[in-house]
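Summary of structural features
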Amino acid sequence: MSKPQSDVDKRKQISVRGIAQLEDVNEIKKDFNRHLHYTLVKDRNVATVRDYYFALAHTVKDHLVSRWIRTQQYYYEKDPKRVYYLSLEYYMGRSLQNTMINLGIQTACDEAMYQMGLDIEELEELEEDAGLGNGGLGRLAACFLDSMATLGMPAYGYGIRYEYGIFAQKIRNGEQVEEPDDWLRYGNPWEKARPEYMIPIHFYGRVIDTPEGKKWVDTQTVFAMPYDNPVPGYGNNVVNTLRLWSAKSPIDFNLKFFNDGDYIQAVLDRNLAENISRVLYPNDNFFEGKELRLKQEYFMCAATLQDIVRRYKASKFGSRDAVRTSFDDFPNKVAIQLNDTHPSLAIPELMRILIDDEKLSWEKAWDVVVRTCAYTNHTVLPEALERWPVSMLQSILPRHLEIIYHINFLHLQAVEKRFPGDFGRMRSLSLVEEDGEKRINMANLSIVGSHAVNGVAAIHSEIIKKDIFKSFYEMTPEKFQNKTNGITPRRWLLLCNPGLSDLIAEKIGDEWPVHLEQLQQLKKWSKDPTFQRAVARVKQENKLKLAQLLEKDYGVKVNPASMYDIQVKRIHEYKRQLLNCLHIITLYNRIKRDPTANFTPRTIMIGGKAAPGYYIAKQIIKLICAVGNVVNNDPIVGDKLKVIFLENYRVTLAEKIMPAADLSEQISTAGTEASGTGNMKFQLNGALTIGTLDGANVEMAEEMGNENIFIFGMTVEEVEDLKCRGYNAYDYYNSNPDIKQCVDQIQSGFFSPGNPHEFQDLANVLLKYDRYYLFADFDSYIKTQDRVSAVYQDQSKWLEMSINNIASSGKFSSDRTIAEYARQIWGIEPSWEKLPNPGVAK
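Figured I'd write up the structure that's included with this text. As the structure is a computational prediction, the values presented were derived from the model and not from experiment.

Now for the layout of surface pockets. The volume enclosed by the second largest pocket comes to roughly 1000 Å³. Forming the walls of the second largest pocket are 42 residues, and the residues nearest its centre are Val-380, Pro-382, Ile-463, Asp-467 and Ile-468. Secondary-structure elements contributing two or more residues to the lining of the second largest pocket are helix H15 (398-418), helix H16 (423-429), strand E16 (432-433), helix H17 (442-448), helix H18 (458-468), helix H19 (470-475) and helix H28 (716-725). Considering every element that reaches the lining of the second largest pocket, the biggest residue donor is H18, with six residues.

In structure tokens form, the structure reads like this:
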């Protein structure tokens, strides 16, 4: 079905600006038909809409391939220092539209599909999200890959090709139900398998001494098969690689199975080896010492390190046939960034390769490792820090445990030399924790084995130095840095909000997608009524689009003139969706008390996934749904208040939500959120923030001024003070009538008449076990929300603040973050180089 020409025109404007040449529409139509016939073996009589998506994806990929090959050839010729980003998660989302925009061919593809009677937006909707991440950590990795390619940096992402990504969330009877995310069921048109680079990975076995040194023998082998995914830069013809490893069983069987006649079982058992890359663990803020998870972490590190060493040796060195044998130059040619502690086994694995395989001395190998590796910390929550049981490491990775012990021995010698007789300090600095079951602290290993350690927001990096890694900071202060997170403006404005992108380009030109600091120029129009009206018009269009989606998917008709008040992120107690829920109940009670009072209409949306084993998080979802059921069906409330739980929140849904939001909820307890990146996406799209002085909110407030953000609640210092004094929730419950009414309604069954005790556990959390001090911030939160409502009624003031938010977003581009990593950690200068246009691969 074709779509109205006006829609096509609107979409066309996105990719015309500032990108080389537009590809010929007829060429795209010809390529599309070629793929439909020869790749998919279909014609227009029998092809499905999904076939059309695949034909378009293959057509777009054709435009990538020659650029991809030439980029890699260019790196080989130049032999630059390469960056290797190791992450167990990549929350990529969809690739089609992002690729078209970055290559500058969206207009031509749009027009070609229109001429063929196809709706390109309908085709885009058929792409499965690559949901290989839980939330912020995985999405950050995806943004970083985009920026590294856009800055022309020779960089590679490495991770696991999970067969099943983060689960699909269904809400049934108001409860979260997990369904497997079979994202590969139709195939993935973007990836290229590379069986020629398959690598053996070893587990179990034992370590023996030989005249040549230590040897790890009697191991079980699993093969790591690489799948390469292209990562195109924006308008510069650079295409980097994300290499994801898939576990494959060894081909040979033990011959005894043939003799035993159990050949069938032998074949079936091969699947056990392949379980390593079967599924993503759906939990990035709670550490569980699962054997499969440890295998995943080592599998990724071992395959990646062997690949890095192979590429280093084969790099252009003198002549094409020369091979590097010395590792003296390794830290000058290789930078390895550990995205949290999940890839921290890269440190002992690189040591193993250098000592056991390459025969370097311990001192030389350790110098290479420390100068090569750097570590990013993503959390201050103690339950999230990885501590692997020694017994498990002894069984699965015996050689690595030996190496870790020796690292620790030499490290503690250095501590003793620096702080003689300070046994308390030695205990806190040790990689081995002795209390209870003996464990290896992977964050401590990452710090000792890296030359740089960074937090991901200024306040987070200070907490790391003063609290969580205080002893390490005192030992080696020169290692510690801050790198405030960022987001890619290509996906999070250019792609998801074309109306606002066009408006910005009309005012300041078309270079802002790669120079986001240029948005500062918008400040001079923040009070301009004409520009305010234009911004308001774009916002209203986005809100109407979201309203249509909500009615179609949830059967709830919302008021597009209401304030869209949105909190989307993983469901976790520290993110305080429960505080948001208390505000909803307070608003509901106010309306019921006086239905005729002046009230700013709100549509409150909360979305996010709870880890399957996280009972309280699942109860929070259930309560939000139950409250929404009462509110949405109360005729007295009507259009004044609507509550929607957004099912299956993911990258693709975020792209629809961010442009439509009026208010962004960033309400974590101060000192708990490392950074946040959702807050930046909302800001870039013109939503105002209500938030605590936590994570990147602090720097957002500095950039835009406190007058353009709604800050409430305790500071980090005040939270610490309250913790020391002792927090008694009953004091607030007994003195604040609103809190008392909310809690009484929750625990009396007001929102669960069929089961009056349904939410007793949540009431107990609030009153007895609350580690995140919701009641202490409640009063400030409610008063600040009242101020939000008052300002929203003054639309000119609201729009002025909204424009100032957009204009203050420049700092939060992932391009800025990556440029800082490059210069201050990796020793690389971003090139911003544009490679020659190779034309279209035929």
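Moving on, we come to the environment of Asn-237. Tracing the backbone through its elements, the reader meets Asn-237 in the loop between strand E11 (220-232) and strand E12 (239-248). As a C-alpha pair, Asn-237 and Asn-837 span 600 residues in sequence and 6.2 Å in three-dimensional space. Separated by 2.7 Å, the side chains of Asn-237 and Arg-67 make a polar contact. For Asn-237, the side chain forms a polar contact with the main-chain oxygen of Leu-835, separated by 2.8 Å.

Okay, the packing of aromatic side chains next. Enumeration according to the criterion identifies 25 aromatic pairs in this entry. Geometrically, the ring pair formed by Tyr-473 and Phe-480 is edge-to-face, given 5.6 Å between the ring centres and 90 degrees between the ring planes. According to the relative accessible area criterion, Tyr-473 is partly exposed, its value standing at 28%. For the ring pair Tyr-727 and Tyr-773, a centre distance of 5.0 Å and an interplane angle of 75 degrees mean the geometry is edge-to-face. One end of the pair, Tyr-727, is in the loop between H28 and helix H29 (729-735); the other, Tyr-773, is in the loop between helix H31 (760-768) and helix H32 (774-793), and 46 residues separate them in sequence. The two residues Tyr-727 and Tyr-773 agree in class, both being buried. Each residue in the set Tyr-84, Tyr-156, Tyr-158 and Trp-245 is aromatic and connected to the rest through ring pairs, giving one cluster. Its guanidinium or amino end placed over the ring of Tyr-156, Arg-311 lies 4.2 Å from that ring's centre, counting from NZ or CZ. The ring of Trp-492 carries the charged tip of Lys-681 above its face, separated from the ring centre by 4.6 Å.

Conventions adopted
Residues numbered from 1 in each chain as written. Predicted model: local features only at pLDDT ≥ 70, side-chain atom pairs only at ≥ 80, totals over all residues. Heavy atoms only, no water. 1 Å grid on protein atoms, 1.4 Å probe; cavity = no way out; pocket = protein on both sides within 12 Å on 5 of 7 lines; lining within 4 Å. Points joined across faces, edges and corners; volume = space filled by probe spheres on them. Helix = DSSP H or I, 4+ residues; strand = E, 2+ residues; numbered from the N terminus. Polar contact = N/O pair within 3.5 Å; in protein donor to acceptor, adjacent residues only side chain to side chain. Phe/Tyr/Trp six-rings, centres within 6.5 Å; stacked < 30°, edge-to-face > 60°. Buried < 20%, exposed > 50% of the residue type's maximum accessible area, 1.4 Å probe, protein only. Lys NZ or Arg CZ within 6 Å of the ring centre and 35° of its normal.

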